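Summary of structural features
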Amino acid sequence: MTSQPLAQGSDVVVCAPLRTPIGRYGGVFKRLTAVDLGVTVLRALLDSTGVSPGDVDDVILGQCNGNSEAPAIGRVVALDAGLPTSVPGMHIDRRCGSGLQAILNAAMTVGAGAAQLVVAGGTESMSSASFYSTDVRWGAGRAGVRMHDSLVRARETSGGRDHPVPGGMIETAENLRRRYDIARSAQDELAVESHRRAVEAQESGVMAEEIAPVSLPDGTVVAIDEHPRAGTSVDELAMLRPVLIRTDADATVTAGNASGQNDAAAMALVTTRSRADQLGIEPLLQITSWAVAGVGPEVMGIGPVPATRLALDRAGLTMDDLDTIELNEAFAAQVLAVFSEWGVTPDDRLRINPHGSGISLGHPVGATGTRMVGAVGRQLRRTGGRHGLVTMCIGGGQGMAAVLSATV
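This text gives an overview of the structure that appears in the document.

Analysis parameters
- Residues numbered from 1 in each chain as written.
- Predicted model: local features only at pLDDT ≥ 70, side-chain atom pairs only at ≥ 80, totals over all residues.
- Heavy atoms only, no water.
- Helix = DSSP H or I, 4+ residues; strand = E, 2+ residues; numbered from the N terminus.
- Rg over C-alpha atoms; globule rule 2.2 N^0.38 Å.
- Buried < 20%, exposed > 50% of the residue type's maximum accessible area, 1.4 Å probe, protein only.
- Areas by Shrake-Rupley, 256 points an atom, 1.4 Å probe, with all protein chains shown as cover.
- Lys, Arg positive; Asp, Glu negative; His and termini not counted.
- Charge placed at Lys NZ, Arg CZ, Asp CG, Glu CD.
- Salt bridge = Lys/Arg side-chain N within 4 Å of Asp/Glu carboxyl O.
- Contact = heavy atoms within 4.5 Å.
- Axes fitted to C-alpha atoms, helices over the stretch in contact; angles between N-to-C directions.
- Nonpolar A, V, L, I, M, F, W, Y, C, P; charged D, E, K, R; others polar.

**Some details on the overall build of the chain**
Along the backbone of the chain there are eleven helices and 15 strands. Against the globule reference of 22 Å for 408 residues, the chain gives a C-alpha radius of gyration of 20 Å, in line with a compact fold. Dimensions along the principal axes, computed over C-alpha positions, put the chain at roughly 60 × 60 × 45 Å. Per-residue burial over the chain gives 57% buried out of 408 residues. Total accessible area on the chain is roughly 16,700 Å²; 49% of this is exposed by carbon and sulfur atoms. Considering the chain, the positive charge centre built from 34 side chains and the negative charge centre built from 44 side chains are found 5 Å apart.

**Considerations on the pattern of salt bridges**
As a working rule, side chains carrying opposite charge can pair if their charged atoms are close by. Summed over all chains, the structure comprises 19 salt bridges. Two residues, Arg371 and Glu326, come together in a salt bridge whose shortest N-O distance is 3.7 Å. Of this pair, Arg371 sits in helix 11 (residues 365-383) while Glu326 is found in strand 13 (residues 324-327), placing the two residues 45 residues apart along the sequence. Residue classification places Arg371 among the buried positions, given a relative accessible area of 5%. Each of Glu174, Arg177, Arg178 and Asp248 takes part in salt bridges that share partners, so that together they form one network.

**Here we look at the side chain of Glu171**
For Glu171, the location among the structural elements is in helix 5 (residues 168-180). It turns out Glu171 is buried and unbridged, and the closest side chain with the opposite charge, Arg178, is 6.5 Å from it. With near-sequence residues (within four places) excluded, Glu171 lies in contact with Val165, Pro166 and Leu244.

**Some points on the packing of helix 3 (residues 98-111) against helix 11**
Between helix 3 and helix 11, the least distance of the axes is 5 Å, while the angle of their chain directions is 65 degrees. Touching Ser98, Gly99, Leu100 and Ile103 of helix 3 are Gly366, Gly369, Thr370 and Val373, all from helix 11. Partitioning the contact of helix 3 with helix 11 into residue classes produces three nonpolar, five polar and no charged.

Put into structure tokens, the structure is as follows:
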């Protein structure tokens, strides 16, 4: 386990986070690539802040389903968005933590004096994730050619050779369900509440301020998240068949109480307070501390527990000091396992994911961490809170957490 806080007295700040609407798998963004979504947000971010493309020192983007169509996707997005060729870019993959890691890497770069202003975030098109084969280059012979769905394969291989997870991430959620004795009904109830909060946030207009609309090739403009479902009920979810029921008679994880496969991009500006003042940008957040921790790949969903503990220790804070918490909902079972370890009360749940999370909003893996950073920043500003937490589990057995503080 390691924890990497920024240096004492650092004036690194996060400004103006924006994201696209989140599209369903095979939904409105089916024909758009991760680059297309990233270009939309990058252009909107610069337009909304008035930052000149030439003022950007680097573009750091997380992505979990990269391929050779857009290598070092931060660079490709920068070029396609019209930034000068002098602006470099890179790609980060820490699975579900990629979008948060991009912001943290940008903060460390700025804090070290290697850059003054970095665009950081993530972009993902799970709808256009590639199929591939490793059998073709030197000839398949009689064994034939095997094709892999990169979405599925990455979940199965995330534990490496010695920690196999043949059932993918769903298997890890069922492992936690068994370990913590989590009922199917509790999972479905959490999912329903997540959708209720997300739909309420949509209807109230809360989400609109963080969204950059996307124009489709046919001229249609998409400005709202596609994944939340109004009117979702426990009775409706109870009818869904558990994914692993054929191999586990007690299986409980369904498409209804797990996060979606989604398409979206999200970005923010990371700079210093003085540079933000020069450019007329209002800082939103300061990164107080962060941590990453490893856990068994077979129980990856519990990763937020050790990561949060490390981040809070480094910040000199406790859970009681947090005004808002974004805990990504990879699976309801995983969230409830974390709640059990945290000792979450009904009152605590009011400050956790107040506007929904992965189950309702969706989980465009490379972009999710950045979306969560923006959600914490805006919620702190809305409520006058001081400290927030972003934390998520990560395929392969990791957890990540960052303590974020409102700028004053």
